Amino acid sequence: MSTTVDPAALARLYADHVRALSARYAEVLGKHGLDALVLHAGSPQKKSAFDDQSWPLVSVPHTKHWLPLAVVDSAVVIEPGKQPRVLMNVARDFWEGPPDEEGDHYWAALERVEVQGAEGVRACLPHAAIGAGRAAFVGEDRARAASWGFVDDKVAPAAVLKDLDALRTIKSAYEIACMREANRRAALGHAATLRAFVEAPASELPSELELHLLYLAATAQDDPETPYKNIVAQDAHAATLHHVQYRKRRMSAGSLLVDAGASYCGIESDITRTVVRTGARGSGAAADLFGALVAGLDRMQQELCARVKPGLPYEHLHNQSHELLAALLRELGVAKASAAALVDSGATRKLLPHGLGHSLGIQTHDVGCRNVAPEARNPFLRNTSTITLGQCFTIEPGCYFIPALLDELRALPIAAELDWKAIEALTPFGGVRIEDNLVVREGGHENLTRPFLS
Ligand SMILES: [Mn+2]
């Protein structure tokens, strides 16, 4: 796929990224008495012990902090004072070819050494540091670590990993530029998919599978390359938060929820939009009510984004999302109880069971922002950090009609103050989620999604 990123600017940003990351790695190494870190790209994972197929390699995320390196038995070697070295495994048999590399801006800042297999990597490792117990292996293949000479307590030491995770919560200008491009690409997929669904005549509605394939085509991604399995859910399927079992047959399809992203240079986006067919294409008053819910959630999402600023605990924003949802339910006539009662009774949490969002970057659910447990009423919240300059995270409020949770809602005393006719009319549409990707700026934020997708 073509890119709008200027290659010269990207190379400059990348050089700065590597310089800053090298300094921060050097601090972590010093703290733990280490002279070197070996970041392993990964080993193939068998799909089943009973056949010979492996999953596509998902590289150990720590290598992606430097570069996307989805090449089996390659490694990045970090030694303070030396240029970071990529030991690139170029051994090939006649069954498989090399992966397609996007971008060549890496090689002005990193040293590239081509090696043959795991044995070739071993020959290039810092043996003195490994032998003296002053080097650690970062990866999940403990057998490979042993074969490279690492003793047990130098294989993925938890204290080192925790400090490396902390480095990932603040994004460099390079990572933000990549995330912006990942948002631009994902937006192409969302626009194509939502348009195909909303504009189709009733007799030619695309199926979930057709919409999933359309998204892949519009973003030029193969299914295993997407940051996470696309969620493409029509009607009641949208009440399954991670619906990935795409129906091949057409559904009656009043509503469509698409939660899907894209990657650029290993940095990911994660976007959700929900639409409903209304008016002449819709199914009457229920579709119109659901349309009002979608529009209300969209306003609410933008209000929450507007409140993002450094110093605010993310969990406060999460709690505010419940207050705003309660107000919206009252506005739509779905609830008569006070907003405070709807929140305090737990009613809003039956309709919005997941967290407001999560850190984003190398991984869709990136690490380092849940170092303390959330309040008991927010068990699934993945971000309990204090909002900090340079963090990237999602803001993704929703409202769902999940049969099992509606049963629990019906059992609460506050159920008498809900309009169950309206809830029953909305249930066949499944639910709504609206999700953007934000970077925290001085006094506020930059929305990386909205410039490309309303
Ligand atoms: Mn998300």
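The present account deals with the structure reproduced in this document. (Residues numbered from 1 in each chain as written. Predicted model: local features only at pLDDT ≥ 70, side-chain atom pairs only at ≥ 80, totals over all residues.)

Further remarks concern the pairing of strand β7 (residues 255-260). Taken across its 6 residues, β7 has 6 buried, putting it largely inside the fold. Burial of β7 is two-sided: the residues S255, L257 and D259 facing one way and the residues L256, V258 and A260 facing the other way are all buried. Two elements, strand β6 (residues 231-234) and β7, share 4 bridges in a ladder whose sense is antiparallel. When the sheet's bridge partners are listed, A233 is paired in β7 with L257. Pairing analysis gives 6 bridges linking β7 to strand β10 (residues 271-276), with the strands arranged antiparallel. Within the sheet, the bridge partner assigned to D259 lies in β10 and is T272. (Buried ≥ 20, exposed ≤ 12 C-beta atoms within 10 Å, placed from the backbone. Helix = DSSP H or I, 4+ residues; strand = E, 2+ residues; numbered from the N terminus. Pairing = 2+ DSSP bridges.)

Attention shifts here to the nonpolar core. Core analysis: the largest hydrophobic core is formed by 78 residues, its most contacted members being C178, L325, C399 and L438. Looking at this core, the element that brings in the most residues is helix α7 (residues 173-199), giving 8 residues. Counting only domains with at least three residues in this core, you end up with domain 1 (7-167) and domain 2 (173-447). If we skip the residues at most four places from it in the chain, L438 touches C305, V308, C392, F393, I395, H445, E446, N447 and L448. (Core = buried A, V, L, I, M, F, W, Y, C linked by C-beta atoms within 7 Å. Domains from an automatic or database assignment. Contact = placed C-beta atoms within 7 Å.)

Spatially, the 5 strands line up as an open sheet ordered β4-β3-β2-β1-β5, and their pairing is mixed. Both outer strands of the open sheet, β4 (111-115) and β5 (135-138), are each paired with one neighbouring strand and no more. Taking each pair of neighbouring strands and ignoring which way they run, the sheet shows an average axis angle of 20°. Across 5 bridges, strand β3 (residues 85-89) lies against β4 in parallel orientation. Bridged to L87 within β4 is V113. (Axes fitted to C-alpha atoms, helices over the stretch in contact; angles between N-to-C directions.)

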